[in-house]
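Spelled out from the first residue to the last, the chains are:
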Number of protein chains: 2
Amino acid sequence: MKTIPVAELTRFVIQVLEHYGVSAEDAKTTADVLVTTDSWGIGTHGTKLLGLYAKRLKAGGLKAKGRPKVSREGPSWAVVDADKAIGMVGSVFAMKTAMSKAGRTGIAIVTVHNSCHFGAAGYYAYLAARQGMIGLAMANDTPTVAAPGSKGPVFGTNPIAFGAPGGSHAPVVLDMATAVVAGGKITQALAAGQPIPEGWIVDFEGRPTTDGKLFAHSASLLPVAGYKGYGMAAMIEILSGVLSGSAMRGEVGLWGHDLVNPSDHGHAFIAIDPHMIAGRAFSRRMDEMIDGVKASPVVEGMESLFMPGEIEHNKRVAALQGGIPLGDDVVESLRATAAEASLVLASSLAASD
Amino acid sequence: MKTIPVAELTRFVIQVLEHYGVSAEDAKTTADVLVTTDSWGIGTHGTKLLGLYAKRLKAGGLKAKGRPKVSREGPSWAVVDADKAIGMVGSVFAMKTAMSKAGRTGIAIVTVHNSCHFGAAGYYAYLAARQGMIGLAMANDTPTVAAPGSKGPVFGTNPIAFGAPGGSHAPVVLDMATAVVAGGKITQALAAGQPIPEGWIVDFEGRPTTDGKLFAHSASLLPVAGYKGYGMAAMIEILSGVLSGSAMRGEVGLWGHDLVNPSDHGHAFIAIDPHMIAGRAFSRRMDEMIDGVKASPVVEGMESLFMPGEIEHNKRVAALQGGIPLGDDVVESLRATAAEASLVLASSLAASD
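Q: Looking at this structure, I do not really get the packing of helix α1 (residues 6-19) of chain B against helix α2 (residues 24-39) of chain B. What am I missing?
A: Angle between the axes and distance between the axes are the two parameters that describe a pair of packed helices. All names here are of chain B. Running from N to C, α1 and α2 cross one another at 135 degrees; their axes reach a closest spacing of 8 Å. In terms of axis orientation, α1 runs oblique to α2. Of the two elements, α1 crosses α2, and the hand of that crossing is right-handed. Contacts between α1 and α2 involve Val 6, Leu 9, Thr 10, Val 13, Ile 14, Leu 17 and Glu 18 from the former and Ala 24, Ala 27, Lys 28, Thr 30, Ala 31, Leu 34, Val 35, Asp 38 and Ser 39 from the latter. By residue class, the composition of the contact of α1 with α2 is 10 nonpolar, three polar and three charged.

Q: Teacher, can you tell me more about the sheet that holds strand β2 (residues 69-74) of chain A here?
A: Within a sheet, each strand pairs with its neighbour through backbone hydrogen bonds, oriented either parallel or antiparallel. All names here are of chain A. Sheet architecture is open: seven strands sit in the order β2-β3-β4-β13-β5-β8-β9, paired in mixed fashion. Strand pairing shows two members of the sheet lacking a second neighbour, β2 and β9 (169-176), which therefore form its edges. On average, each strand axis in the sheet is tilted by 15 degrees relative to the strand beside it, whichever way the strands run. Bridge count for β2 against strand β3 (residues 77-81) is five bridges, and the pairing is antiparallel.

Q: Would you mind going over the interface of chain B and chain A with me for this structure?
A: Note on interface size: it is often stated as the accessible area lost on association of the parts. In this assembly, 59 residues from chain B lie in contact with 59 residues from chain A. Looking at the side of chain B that touches chain A, the elements with two or more residues in it are β3 (77-81), β4 (107-115), β8 (160-166), β9 (169-176), α7 (227-242), α8 (274-278) and α9 (281-294) of chain B. Looking at the side of chain B that touches chain A, its residues break down into 40 nonpolar, 13 polar and six charged.

Q: Looking at this structure, how should I read the relation of the copies chain B and chain A?
A: Both copies of the chain are placed relative to one another by a rotation about an axis and a shift along it. Of the transformation superimposing chain B on chain A, the axial component is 0.0 Å and the angular component is 180 degrees, with the fit at an RMSD of 0.0 Å. With respect to symmetry, the two chain copies, as superposed, fit the operation of a two-fold axis. Rotation axis and chain B: the residue whose C-alpha lies nearest the axis is Ala 225 of chain B, separated from it by 3.2 Å. Interface overlap between copies: 100% of the residues of chain B at the interface are likewise at the interface in chain A, consistent with a symmetric, same-surface contact.

Q: Would you mind going over the packing of helix α2 (residues 24-39) of chain A against helix α4 (residues 87-105) of chain A with me for this structure?
A: Residue and element names in this part refer to chain A. One way to put it is that α2 packs onto α4 with a least axis distance of 9 Å and a crossing angle of 90 degrees. Judged by the inter-axis angle, α2 sits roughly perpendicular to α4. Contacts from Asp 26, Thr 29, Thr 30 and Val 33 in α2 reach Met 88, Val 89 and Val 92 in α4. Taken together, the residues that form the contact of α2 with α4 break down as four nonpolar, two polar and one charged.

Q: Would you mind showing me how to read the sheet that holds strand β2 (residues 69-74) of chain B here?
A: All names here are of chain B. Spatially, β2-β3-β4-β13-β5-β8-β9 is the arrangement adopted by the seven strands of the open sheet, whose pairing is mixed. The strands lining the two open edges of the sheet, one partner per strand, are β2 and β9. On average, each strand axis in the sheet is inclined to that of its neighbour by 15 degrees, with strand direction left out of account. As paired strands, β8 and β9 are joined by six bridges and run antiparallel to one another.

Q: How do you make sense of the domain arrangement of chain A when you look at a structure like this?
A: Residues and elements named next belong to chain A. If you check the domain split of chain A, you get domain 1 (1-59 + 323-353) and domain 2 (66-276). Counting residues at the interface gives 18 residues for domain 1 and 16 residues for domain 2. Counting only elements with at least two residues in the side of domain 1 that touches domain 2, the list comes to α2 and α3 (50-59). Looking at which element gives the most residues to the side of domain 1 that touches domain 2, the answer is α2, with seven residues. Tallied by class, the residues present in the side of domain 1 that touches domain 2 amount to eight nonpolar, six polar and four charged.

Definitions and limits used
Residues numbered from 1 in each chain as written. Chains lettered and ligands numbered in written order. Predicted model: local features only at pLDDT ≥ 70, side-chain atom pairs only at ≥ 80, totals over all residues. Axes fitted to C-alpha atoms, helices over the stretch in contact; angles between N-to-C directions. Helix = DSSP H or I, 4+ residues; strand = E, 2+ residues; numbered from the N terminus. Parallel < 35°, antiparallel > 145°, perpendicular 65-115°, else oblique. Left-handed = near helix turned anticlockwise from the far one by under 90°. Contact = placed C-beta atoms within 7 Å. Nonpolar A, V, L, I, M, F, W, Y, C, P; charged D, E, K, R; others polar. Pairing = 2+ DSSP bridges. Least-squares fit on C-alpha atoms with pLDDT ≥ 70 in both. Domains from an automatic or database assignment.

See below:
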C-alpha cells in the first residue's frame, strides 16, 4: 500500500499517455477517469490498467490520435464512431454529447462503436450527475458470464451505472457488473493467493467450482441473481452492442490479450435533465428522499445507511485531502508501466517499500 | 387449476370494471394488461388482483372516470397526472406518449404521478417492443425491502422491465423486482402452506428468518444481490418518484390495504426508437445476437437457452391456442370478485371443481 496525491498520479498518467502519442487533452480526459476511479477505492478499474492501455497504444489496438465523431444523429440521439481512440476518450465525448442534447430535449441516448474497454461505468454516470444531469452508462464485453443452463459464457460482465445529482448531498451513483463479480475481482484474488468463494464461477459443464485458475479459459462467471443478471446483460448487449453497430458478444476483442486488433466494444450513454422535467422541486425532493433513507434505523455498528456511491464519495473526499491509497498490485503495475516507457515514476510510488 | 379462453377472461374483466363505472375503453386497456400477464404464467400480477382494484374503485381509492393527462412536456419528455385512474390506464397512456415522442426524436421519458399499482412492469415494456420500440418501465412502491445494514424496509420492491423487438424472434422482455422476490411470492407461498426459503426476508432487527408470517409487519424482503438491488431500487425511486412528483417511499399508500385513499404511486416509462438509431440493421443484428445465444451449448435436459421473456412468450402462444391455465388462488379470487359484483363468472371458471 502506497499513498499518492491525486495531482501527482494524474500528472503521471498524462505523461505516460503523451509518451505514446496521445494529445494533452485526451490524456487529461483519460487520467481523470482512471484517477477518479482509484480515488473511489476501485483499484481494479483505475490506473492499474494504464499499462495495458499503453501496450495497446504501442501495438496498434488503440489509436493514439483517434478522433471520436458523431456519425449519425437526431434531436435526442447520436451514434458515435470512437475511431479506435482510448475507451475513455470516446466515452466522455459520447456522454457529453448526450448531456448537451438532453439539455435541449429532456433526454438523449448516444451509442458508441469502434471503442475499447471504458474503465468504470460509474465515472460517466458521475460525470453527468456532477453537472446536474441524471446519467446512465453501459458497455458490452467479451463473453465470460454463463446464462441459466449454459455450458459456457454467453454475455460479457456487461456493466451498467446510474448517477443522479443528490440535492445538497453527494451524487447518488450505482455501478454494477451484471455478473456476480467483475472478472478483475478473480484476477485480484488469484494474485493475492486468496480462494474464490462459492457462487462466483461455474466450469464449462455448468458445475460450481471454487478453482479461480479455471477462469476464463475453462470456467464462466455466474450472472448476478440468475435470470435477472442474465436479462440485464441481454438488455445492455442490445443497447450497447446491437444498437451501436459495434462488435457483439464473441466478436468483441479480448482487449487485455489481443493488443494489436481493435476490440470494437460498444457503449450506450443516456442523459436526462431532471431540472427540465421536475423544475426546482427536483433538488428539494432528492434531499427529502435521501434524508429519509439516512434517517432509517440501522444495525449496531453502523451510524446510518449509505446511499449508493456514498462510500466511494467519502473515500474520494479523503483522497483529495490526504492522497489516494493504492494497493500493491496497482503500485506494481504503475512501476512496470513507468519502466516500459522509460519514465520517472511519481516519487511517492518509486520510494522503496 | 382451471383453464379459460383468453377472450372469455378478457370479457369478464371488462364486465367487472364497467360494473364499477370504468369506461369501455379503459376497461379494455386494463383487461389487456391483466390477461396478458396471466397468459405469461405470472399469476401473482394478473387477474388475481382484479378484485382489489374493484374494491378500490368502490371505496374511492381509484377513480373510475379518472382521465390521465399530460401536465407538462417538452420534445422528449412529459409528466403525466394519472388523475387517480386505474394504474394500467395511466401507465398505458404514458408509455404510448413516450413512444409517440420517441418516434419523433429517438428517445423519450414520461413520468407519472397520482397513479396506483400498475401490475406487471413487463407489460409496458412489451407494449413498446411489439410496436417496434425499445421500452423501459418502472415504478416505486411502499417500502417492504431492507437496505444493507437497515433494521426495516427502506425502498419498495421497485420493479423494472425492459423490452425490445426480437427481429424475427419474440420480443426480448425482462421484468424484475429489485427485491429477491416480489411480495406476492410470499403471499402465494403462505396461501399454499409452503415455507419461505432462506435468503428471502429479514426481521426488523436485520436477522434472517424463514417465517413468512412475519412479512410485512415485522420483516422485510432482502434486496436482490445486496447493494446492487438496493442501488437499483434507489435509481427507480429517483426516476419514478423523485422525478414524477408522486409520493416517495413511505408516502406511497398501501394500495392493497387502504382502499379509500389514492396511493399516489410514481412510474417512469422510457421509449427508444431503435430503427431511427440503427436503421434496417437493427432487426438483422437482433436476429444475429439471439441466434448466437440460442446456439450456445446447454446442460443436459435443455434444448437451447431461453432468451429473457421467451418462456413467458411460449406460455402465451399456448394460452392463445388452448386457454390460460389459472392457479386455484386466481380462480378463487375471480369467483369472489364475481360474487361481490353480482356478476356471472365465466362459465369455465364457475364450473364445480
